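For reference, the chains in residue letters:
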Amino acid sequence: LASGAKDSTDPQVLRNLADLYLDVGDEAYSDPAKRIAAYEEGARVARRILERNEADALAHYLYAANAGSAAELKGMMASALLVKELKAHVTRALELQPDLAPAHHMLGRMLEELPWFLGGDSAAALDHLQRAVTLDPGYVHARMDLAKFYLKRKQPDAARRELQAIVQLTNPRNPYTWRVKYRPEAERLLAGLDRTGGH
């Protein structure tokens, strides 16, 4: 990645870079070590923004998303201290910018996956996922997670609605990922619902 951008002090350049590292970790590499390295670099870049300006909502989210992804790959998400730190950053992002869809998505996933004693909250998780999709209807990853939340909660009609929306999207946020990953997965899940009569 562009070394000049890493040395920049322009917050927008650094935000774009931290976001790029997150995308690279998510999409470009399959090797876990390379993915971890990308996420850790993204977290470092986001932290540099926060050192200059604590009130940067996107930097809080990008730090939490990169650091959380690296921790997940390393199997460290069971650390209560780390979970608390990530949750603090993503909550702060939403305090600063309540309409930040990716932060709602991340917080929703955390609240769903965490045990109650680490702050897990199934009802709040669903609320955050619904808000992420309402704020950004083309945000396919959030919509897929919302469909899976509904399946887990035995709400097949609600799941079907989200899965059909994924298949029929005309403006996905990441068209390539939608085409190769999320649309085929949505079609498979819909076929499964059809086979079981939606139950």
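Data block above holds the structure.
This one's a predicted model, so the numbers in the text were calculated from it and none came from an experiment.

**Student:** What exactly am I supposed to notice about the overall build of the protein here?
**Tutor:** Each helix and strand counted, the protein has ten helices and zero strands in total. In sequence order, the protein lays out its α and β elements as α-α-α-α-α-α-α-α-α-α. The C-alpha radius of gyration of the protein comes to 17 Å, within 12% of the 16 Å expected for a compact globule of 199 residues. Each principal axis of the C-alpha atoms in the protein carries an extent, and together these give about 55 × 40 × 30 Å. For the protein, the proportion of its 199 residues judged to be buried stands at 45%. A fraction of 56% describes how many contacts in the protein between residues 6 or more apart in sequence connect residues 24 or more apart. Positive and negative side-chain charges of the protein, numbering 27 and 27 respectively, have mean locations separated by a distance of 3 Å.

**Student:** Please clarify how the packing of aromatic side chains should be interpreted in this entry.
**Tutor:** Given two aromatic rings, their pairing is described by the distance between the two centres and the angle made by the two planes. Applying the stated criterion across every chain, the model contains zero aromatic pairs. The ring of Trp178 has Arg183 lying over it, and the distance from NZ or CZ to the ring centre is 4.5 Å.

**Student:** What should I look at first to understand unusual backbone geometry in this one?
**Tutor:** Trans peptide bonds make up most of the peptide bonds, and negative phi angles are found at most residues other than glycine. Not every positive phi belongs to a glycine, and Lys154 is a case in point at roughly 60°. With respect to the helices and strands, the residue Lys154 is situated in the loop between α8 (140–152) and α9 (156–168).

**Student:** I keep staring at the packing of helix α6 (residues 101–113) against helix α7 (residues 122–135) and nothing clicks. Help me out?
**Tutor:** It is the contact of α6 with α7, at a shortest axis distance of 8 Å, that shows an interaxial angle of 155°. Here α6 lies roughly antiparallel to α7, going by the angle between them. Crossing angle aside, the handedness with which α6 passes α7 is left-handed. Across from Ala101, His104, His105, Leu107, Gly108, Arg109, Leu111 and Glu112 in α6, the residues of α7 making contact are Ser122, Ala124, Ala125, His128, Leu129, Arg131, Ala132 and Leu135. Each residue belonging to the contact of α6 with α7 can be placed in one class, and the counts come to eight nonpolar, five polar and three charged.

Cut-off values and rules
Residues numbered from 1 in each chain as written. Predicted model: local features only at pLDDT ≥ 70, side-chain atom pairs only at ≥ 80, totals over all residues. Heavy atoms only, no water. Helix = DSSP H or I, 4+ residues; strand = E, 2+ residues; numbered from the N terminus. Rg over C-alpha atoms; globule rule 2.2 N^0.38 Å. Buried < 20%, exposed > 50% of the residue type's maximum accessible area, 1.4 Å probe, protein only. Contact = heavy atoms within 4.5 Å. Lys, Arg positive; Asp, Glu negative; His and termini not counted. Charge placed at Lys NZ, Arg CZ, Asp CG, Glu CD. Phe/Tyr/Trp six-rings, centres within 6.5 Å; stacked < 30°, edge-to-face > 60°. Lys NZ or Arg CZ within 6 Å of the ring centre and 35° of its normal. Axes fitted to C-alpha atoms, helices over the stretch in contact; angles between N-to-C directions. Parallel < 35°, antiparallel > 145°, perpendicular 65-115°, else oblique. Left-handed = near helix turned anticlockwise from the far one by under 90°. Nonpolar A, V, L, I, M, F, W, Y, C, P; charged D, E, K, R; others polar.

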